[in-house]
Amino acid sequence: MPIFVVLIIFSLVFYLFYKTKYIRSKAPMEKQWLSAKCSIALGLFVFLFGINLFFIHNSVVSIIVAVVFVLLGGASVIAAFKAYKYYLPKTIEERK
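Residues numbered from 1 in each chain as written. Predicted model: local features only at pLDDT ≥ 70, side-chain atom pairs only at ≥ 80, totals over all residues. Heavy atoms only, no water.

1. Let's talk about the pattern of salt bridges
Piece 1. One pass over the structure, following the stated rule, counts 1 salt bridge.
Piece 2. Note that arginine 95 is salt-bridged to glutamate 30, the shortest N-O span being 3.1 Å. With a gap of 65 residues between them, arginine 95 in helix α3 (residues 60-95) and glutamate 30 in helix α2 (residues 28-56) connect regions that are remote in the sequence.
Piece 3. Residue arginine 95 is classed as exposed on the basis of its relative accessible area, which comes to 55%. (Salt bridge = Lys/Arg side-chain N within 4 Å of Asp/Glu carboxyl O. Helix = DSSP H or I, 4+ residues; strand = E, 2+ residues; numbered from the N terminus. Buried < 20%, exposed > 50% of the residue type's maximum accessible area, 1.4 Å probe, protein only.)

2. What about the nonpolar core?
Piece 1. In terms of nonpolar packing, the biggest core is built from 7 residues, these being Tyr15, Tyr18, Trp33, Leu34, Cys38, Ala41 and Tyr87.
Piece 2. For this core, the secondary structure elements donating two or more residues are α1 (2-24) and α2.
Piece 3. At 4 residues, the largest contribution of residues to this core is made by α2.
Piece 4. Setting aside its immediate chain neighbours within four residues, tyrosine 15 contacts Cys38, Ala41 and Leu42.
Piece 5. With 5 residues, the next largest nonpolar core counts Phe4, Ile8, Leu48 and Val70 among its residues. (Core = buried A, V, L, I, M, F, W, Y, C linked by side-chain atoms within 4.5 Å. Contact = heavy atoms within 4.5 Å.)

3. Focus on the packing of aromatic side chains
Piece 1. A full pass over the atoms with the stated rule returns 8 aromatic pairs.
Piece 2. Centre to centre, the rings of phenylalanine 4 and phenylalanine 55 are 5.6 Å apart; their planes meet at 20°, and the pair counts as stacked. Here phenylalanine 55 lies in helix α2 and phenylalanine 4 lies in helix α1, a separation of 51 residues in the sequence.
Piece 3. Given a relative accessible area of 49%, phenylalanine 55 falls into the partly exposed group.
Piece 4. Seen in terms of ring centroids, phenylalanine 45 and phenylalanine 49 are 6.2 Å apart; in terms of plane orientation they differ by 25°. Their pairing is stacked. One end of the pair, phenylalanine 45, and the other, phenylalanine 49, are both in helix α2, 4 residues apart, so they sit about a helical turn from each other.
Piece 5. Assessed through its relative accessible area of 35%, phenylalanine 49 is described here as partly exposed.
Piece 6. Joined through ring pairs, the aromatic side chains of Phe14, Phe17 and Tyr18 make up one cluster.
Piece 7. Across the ring face of tyrosine 22, the terminal group of lysine 31 is positioned such that the distance to the ring centre comes to 4.5 Å.
Piece 8. The ring of tryptophan 33 has lysine 37 lying over it, and the distance from NZ or CZ to the ring centre is 4.2 Å. (Phe/Tyr/Trp six-rings, centres within 6.5 Å; stacked < 30°, edge-to-face > 60°. Lys NZ or Arg CZ within 6 Å of the ring centre and 35° of its normal.)

4. Considering the packing of α2 against α3
Piece 1. Here α2 crosses α3 at 160°, and the two axes come no closer than 6 Å. By the angle between their directions, the pair α2 and α3 is classed as roughly antiparallel. The hand of the α2/α3 crossing is left-handed.
Piece 2. The class makeup of the residues in the contact of α2 with α3 is 25 nonpolar, 9 polar and 5 charged. (Axes fitted to C-alpha atoms, helices over the stretch in contact; angles between N-to-C directions. Parallel < 35°, antiparallel > 145°, perpendicular 65-115°, else oblique. Left-handed = near helix turned anticlockwise from the far one by under 90°. Nonpolar A, V, L, I, M, F, W, Y, C, P; charged D, E, K, R; others polar.)

Interpretation in functional terms is not warranted from these geometric data alone.
See the structure below:
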C-alpha cells in the first residue's frame, strides 16, 4: 500500500530531524524531550513497517515478523509518549 510507504518515509525523516536537534541541543531537559520525540518517530517507523509487511508478504514467517514489529513499535510509541508528556513541562520551565 503506497500510503504506508509515504508514512514510513515521513516517520524516518522526522526521526532524523529530531535526532539532529537532539545532538545540537545543550539543555538537559530539552535533550530528554527531544529524545522522546525521536523515540516516537522511530517507534512509529517500526510500527508502520510491520503493518506494511502484512500487505506485502503472506508467508507465516513474514506474519510473525510483522506482529513482532507492530508490538515493539506500538510499545515504543506508548513509552515514548509518556516520556514526552513527562519532560514537556520540565522543558518549558527550563526555557524560562
